[in-house]
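Below, each chain spelled out in residue letters.
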Amino acid sequence: MVEQGLLVVFSGPSGVGKTTIVHRVREYFDAAFSVSATTRPMSTKEVNGQDYFFITEDEFAEKISNNAFLEHAEVFGCHRYGTLREQVDEVLSKGKIILLDIDVQGGIQIKENMPESLRIFILPPSEEELYRRLEERGREDHDSIQRRFKEAKQEINLSQESGAYQYFITNDDLELTVAKTIEIVQEYRNAAATS
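Each value, and the rule that gives it
Residues numbered from 1 in each chain as written. Predicted model: local features only at pLDDT ≥ 70, side-chain atom pairs only at ≥ 80, totals over all residues. Heavy atoms only, no water. 1 Å grid on protein atoms, 1.4 Å probe; cavity = no way out; pocket = protein on both sides within 12 Å on 5 of 7 lines; lining within 4 Å. Points joined across faces, edges and corners; volume = space filled by probe spheres on them. Nonpolar A, V, L, I, M, F, W, Y, C, P; charged D, E, K, R; others polar. Buried < 20%, exposed > 50% of the residue type's maximum accessible area, 1.4 Å probe, protein only. Helix = DSSP H or I, 4+ residues; strand = E, 2+ residues; numbered from the N terminus. Contact = heavy atoms within 4.5 Å. Phe/Tyr/Trp six-rings, centres within 6.5 Å; stacked < 30°, edge-to-face > 60°. Pairing = 2+ DSSP bridges. Axes fitted to C-alpha atoms, helices over the stretch in contact; angles between N-to-C directions.

**Here's the deal with the layout of surface pockets**
Thinking step 1. Put simply, the largest pocket is a space of about 1600 Å³.
Thinking step 2. Around the largest pocket, the lining comprises 41 residues; the ones closest to its centre are S14, K18, D101, I102 and D103.
Thinking step 3. Its residues placed into classes, the lining of the largest pocket shows 16 nonpolar, 13 polar and 12 charged.

Here's what the structure looks like:
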């Protein structure tokens, strides 16, 4: 019997440790990672189909009209990104877990298009700690950090008001957070297999 496939969505603000958690969950379950389609140009270091599926604006628009995306969005008003339904379905049909790292708008769309998915939002221990982590990354200037912090607070509010997420996990200790996340995915998968 093929084990139950499962789509697991992760969302959370910048600086919350989400990428690390997603990679650890992926390793544990030997899960697949969803590759998004995008209209932005490919950089010299990127590989088409591995980093992203690079497509034109017209191709993107056609896929929207054909309902080919589980979720899609325009980011910063210039480039579009989306999760291809076909790619997710292919992984699920093999009984594997597929992971998605997307924003709350995407999480809301996934809830509508694939309500049987598991949707997890990673929270910071506190606003102060989130701000500290954003500063500590040392990637941005003061204004950029302020903007990201404001966006993070809006994203957290929306995640809680939208009803799109079944689980909220506070990342105050990375090892405990990873263990708890793995436990939730395992339980959810087992419950789905028996229902």
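**Let's talk about helix α5 (residues 127-136)**
Given 3.6 residues per helical turn, the α-helix brings residues three or four places apart onto the same face.
Thinking step 1. Turning to α5, its buried residues number three or more, namely E129, L130, Y131, R133 and L134.
Thinking step 2. Those residues of α5 that are buried are in contact with α6 (142-162).

**Focus on the packing of aromatic side chains**
Thinking step 1. Inspection of every chain in the model, using the stated rule, returns 8 aromatic pairs.
Thinking step 2. Look at Y131 and F149: their rings are 5.1 Å apart centre to centre, the planes differ by 85°, and that puts the pair in the edge-to-face class. With a gap of 18 residues between them, Y131 in helix α5 and F149 in helix α6 connect regions that are remote in the sequence.
Thinking step 3. Clustering of aromatic rings is evident, with ring pairs tying together Y52, F54 and Y81.

**A word on the sheet that holds strand β7 (residues 97-101)**
Thinking step 1. Taken together, the 5 strands give an open sheet; going across it, the order is β2-β7-β1-β8-β9, and neighbouring strands pair in parallel fashion. In the strand order of this sheet, the two ends are held by β2 (32-33) and β9 (167-170), each with one partner.
Thinking step 2. Sheet analysis places strand β8 (residues 118-123) next to β9, joined by 4 bridges and oriented parallel. Across the sheet, residue I122 finds its bridge partner in β9, namely I169.
Thinking step 3. Helix α1 (residues 18-29) contacts β1 (6-11), β2, β7 and β8 of the sheet and is inclined by roughly 175° relative to β7.

**Things to note about the environment of I145**
Thinking step 1. Relative to the assigned elements, I145 resides in helix α6.
Thinking step 2. Spatially, the C-alpha atoms of I145 and R132 are 9.8 Å apart, while their sequence positions differ by 13 residues.
Thinking step 3. Residue contacts for I145: discarding those within four places in its chain leaves Y131, L134, E135 and E140.

**Overview of the sheet that holds strand β3 (residues 37-38)**
Thinking step 1. The strand order across the open sheet built from 4 strands is β4-β3-β6-β5, with neighbouring strands paired in mixed fashion. Looking at strand neighbours, the two that pair on one side only are β4 (53-54) and β5 (69-75), the edges of this open sheet.
Thinking step 2. Sheet topology note: the β3/β4 ladder contains 2 bridges and is parallel. In the strand pairing of β4, T38 is matched with F54.
Thinking step 3. Docked against the sheet, helix α2 (residues 57-65) engages β3, β5 and β6 (79-84), running at close to 45° with respect to β6.
Thinking step 4. The strands touched by helix α3 (residues 85-93) within the sheet are β4, β5 and β6, with β6 carrying the most contacts at an inclination of about 30°.

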